[in-house]
Amino acid sequence: MIHTAFVPRFLAPMLLALSGLSVAVSACSGDDDDDDGAGARGGSAGRGGKGGAGGVGGKAGSAGNAGTAGKGGTGNATGGTSGVAGAAGTGAGEGGAAGDSTSGAGGAGDGGVGQGSAGEGGNDAGDAGAGGTDGEVGVFRPERRDYSPARLAELDVAAGFAVNAFATGLGNTRMLAVHGDNVYVTRTEEGDVLRLTDADDDGDADSNTPVAENLDNVHGIAIQGDVVYLATINQVMRADIATDGSFANLTTIIADLPDGGQHFRRTLDVGPDGALYISIGSTCDACAEPNPEHATMLRASLDGSTRAVFSSGLRNTIGFDWHPVTDELWGMDHGSDMRGNDIPPDELNRLTQGANYGWPYCFGERQIDPIIQDPVGMTKAQFCATTAPAVLGVQAHSAPIGFTFYSGTAFPTAYQDDAFVALHGSWNRTEAVGYSVARLRFEDGVPAAFENFVSGFLIEDGRAYFGRPAGIVTGPDGSLLFSDDINGVIYRVAVAP
């Protein structure tokens, strides 16, 4: 088994982002797609107001230095807007007031030393925050740009492949599944599931039709035979897939999954053992969870009548899948936030029954978390000695979402039994990373390295983006499909003609 040699913290600035590197060894921190700062279901916040200064992400400096550009604070999906750099002050800066979720007031200013009052926001609700500083901890949200065919043409894809838009304008497209010629995608914000078809096989979806609606925060989707399973925050449902691709007899089989908190998007899949696996994220960034089902992988019967914790110490393992040859379960877990640009890593773990993977007390190769207090009755070092180390890591705050082993035959032989990971992209880092799709190369059933597969969603020198990959699946024709949950695009990668 290959294990990552996680690099000491003082070497972390020397690491390159995954967007420009084939990664086999990483000392990086994990960023979470779904908490975006300090609160549950927080969306992009606005740039800091006029006086936003000091605090998170800024280096300490002498009194009276001018504040750097304020960075976005906490807001919801429609929150915060733009402001200007912090004014000069006379001491350690104080952050601006938190941005109002809908009015467009400026987000909490972060930036450098200096002092001032909270600034008023502009009118571009939902824009990303301004750039981060060179501090140990930073917040930097690149600005959103619209999808366009011209930007599609600028994407970088691995040699021998081509990328096109399978569908556009779909909204908050998240997790994907395939049944026959039908492609299904969950839309968490819209609360529904769409069915897409490509009747003429030209790589461009001809239609999209809702097959399940009024499902609050629906996210996870898995298909076993002619049965589909869906997950919301507290529920798992099953339905029959009719011959026309529609869903029939939608029934709730589990109604008491733990509450959501900071990580409320559930994912699920059916394993080779015929059991249902359900990922339950943590309620917080880093804390001792009172509910033993939080921060775990659950294993349940297909009728939902029984369930138990399969693996624990998993902050938010949204993406997971079984190796097609070994049947080993692999998953990508998100590391805690606000610990610096390069710790802790987003981890690749081999998930086994009864294993604990360390969160919130340790990460990587059992490295001790520098912030959280000791668990009850023992030290962090004692606890971490009992946990399972990560196998590989990816660059800080990359935010892995979808994870799938390639199951088609259209790709070259070298890609068979490899996995692909959708990296949603960072906010809790002073330079943006992720916003890409990575290939996870396996050798004889053992993960060897992460490699770029599709990149280029970060534009304008990393200060803006036009896509954040989320779900990923092998398409009906053997192509690779992945969703963008910001501009509502489903991309298709196929062997180049």
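These numbers come from a predicted model, not from an experiment. (Residues numbered from 1 in each chain as written. Predicted model: local features only at pLDDT ≥ 70, side-chain atom pairs only at ≥ 80, totals over all residues. Heavy atoms only, no water.)

Can you walk me through the sheet that holds strand S21 (residues 392–394) in this structure?
Sheet strands pair via backbone hydrogen bonds, and the direction of the pair is either parallel or antiparallel. Spatial strand order, S16-S17-S18-S21: four strands in an open sheet with antiparallel pairing. In the strand order of this sheet, the two ends are held by strand S16 (319–322) and S21, each with one partner. Going from strand to strand, the sheet's axes swing by 20° on average, the running direction of each strand aside. As paired strands, strand S17 (residues 329–333) and strand S18 (residues 346–351) are joined by five bridges and run antiparallel to one another. Paired with glycine 331 across the bridge in S18 is asparagine 349. (Pairing = 2+ DSSP bridges. Helix = DSSP H or I, 4+ residues; strand = E, 2+ residues; numbered from the N terminus. Axes fitted to C-alpha atoms, helices over the stretch in contact; angles between N-to-C directions.)

Before we go on, may I ask you to explain the pairing of strand S30 (residues 489–495) in this structure?
Two faces make up the sheet, and in a regular strand the side chains alternate between them. Across the seven residues that make up S30, a large majority, six, are buried. Direction of pairing for strand S3 (residues 161–167) relative to S30: antiparallel, over a ladder of six bridges. Bridging from a neighbouring strand, alanine 162 pairs with alanine 494 of S30. As judged from the five bridges shared by strand S29 (residues 480–484) and S30, these two strands associate in the antiparallel manner. Residue pairing across strands places serine 483 opposite isoleucine 490, the latter belonging to S30. Connecting the antiparallel pair S29 and S30 is a turn made up of four residues, with glycine 488 showing a positive phi of about 70°. (Buried < 20%, exposed > 50% of the residue type's maximum accessible area, 1.4 Å probe, protein only.)

Would you mind showing me how to read the state of the cysteines here?
Simply put, disulfide is the name for a covalent bond between the sulfur atoms of two cysteines. Counting across every chain of the model gives two disulfides. Here cysteine 284 pairs with cysteine 287 through a disulfide, and the sulfurs are 1.9 Å apart. The chirality of the disulfide connecting cysteine 284 with cysteine 287 is left-handed, given an S-S dihedral of about -85°. Residue pairing for cysteine 362: its cysteine sulfur links by disulfide to cysteine 384, the two sulfurs lying 2.5 Å apart. Taking the torsion about the sulfur-sulfur bond, which here is approximately -115°, the covalent link between cysteine 362 and cysteine 384 counts as left-handed. Of the two residues, cysteine 362 is situated in strand S19 (residues 362–363) and cysteine 384 in helix H2 (residues 380–384); the sequence distance between them amounts to 22 residues. Both residues of the pair, cysteine 362 and cysteine 384, belong to the buried class. (Disulfide = S-S within 2.5 Å.)

Any chance you could explain the nonpolar core here in plain terms?
Of all hydrophobic cores here, the largest spans 27 residues; its most connected members are Phe411, Phe420, Phe453, Phe457, Phe482, Tyr491 and Val493. Among the elements of the structure, S3, strand S25 (446–455), strand S27 (464–465), S29 and S30 are those that each provide at least two residues to this core. Apart from the residues within four sequence positions on either side, phenylalanine 453 is in contact with Asp156, Val157, Ala158, Phe161, Phe411, Tyr415, Phe420, Val437, Ala438, Arg439, Leu480 and Val493. Counting residues in each nonpolar core, the second largest holds 19 residues, with Tyr184, Ala212, Val228 and Phe247 among its members. (Core = buried A, V, L, I, M, F, W, Y, C linked by side-chain atoms within 4.5 Å. Contact = heavy atoms within 4.5 Å.)

Please clarify how the packing of aromatic side chains should be interpreted in this entry.
Geometrically, a pair of aromatic rings is defined through the distance of the ring centres and the angle of the planes. In this structure the tally under the stated criterion is 24 aromatic pairs. A centroid spacing of 5.9 Å and a plane angle of 80° characterise the contact between phenylalanine 320 and tryptophan 322, whose relative ring orientation is edge-to-face. Of the residues examined, phenylalanine 320 reaches a relative accessible area of 6% and is grouped as buried. Their ring planes at 50° and their centres at 5.1 Å tell us that phenylalanine 457 and phenylalanine 466 sit as a pair that is tilted. Accessibility expressed as a relative area gives 1% for phenylalanine 457, which makes it buried. (Phe/Tyr/Trp six-rings, centres within 6.5 Å; stacked < 30°, edge-to-face > 60°.)

Please explain the environment of alanine 159 as it appears in this structure.
Along the polypeptide, alanine 159 turns up in the loop between strand S2 (156–157) and S3. The spacing of alanine 159 and alanine 496 is 337 residues in sequence and 8.6 Å in space, taken between C-alpha atoms.

Looking at this structure, how should I read unusual backbone geometry?
A negative phi angle is the norm for most residues apart from glycine, just as the trans form is the norm for most peptide bonds. Residue proline 344 follows isoleucine 343 across a cis peptide bond; omega there is -10°. By the element assignment, proline 344 lies in the loop between S17 and S18. For the peptide bond that leads from tryptophan 359 to proline 360, omega is 5°, which places it in the cis range. With respect to the helices and strands, the residue proline 360 is situated in the loop between S18 and S19. Even without glycine at this site, asparagine 249 takes up a positive phi of about 60°.

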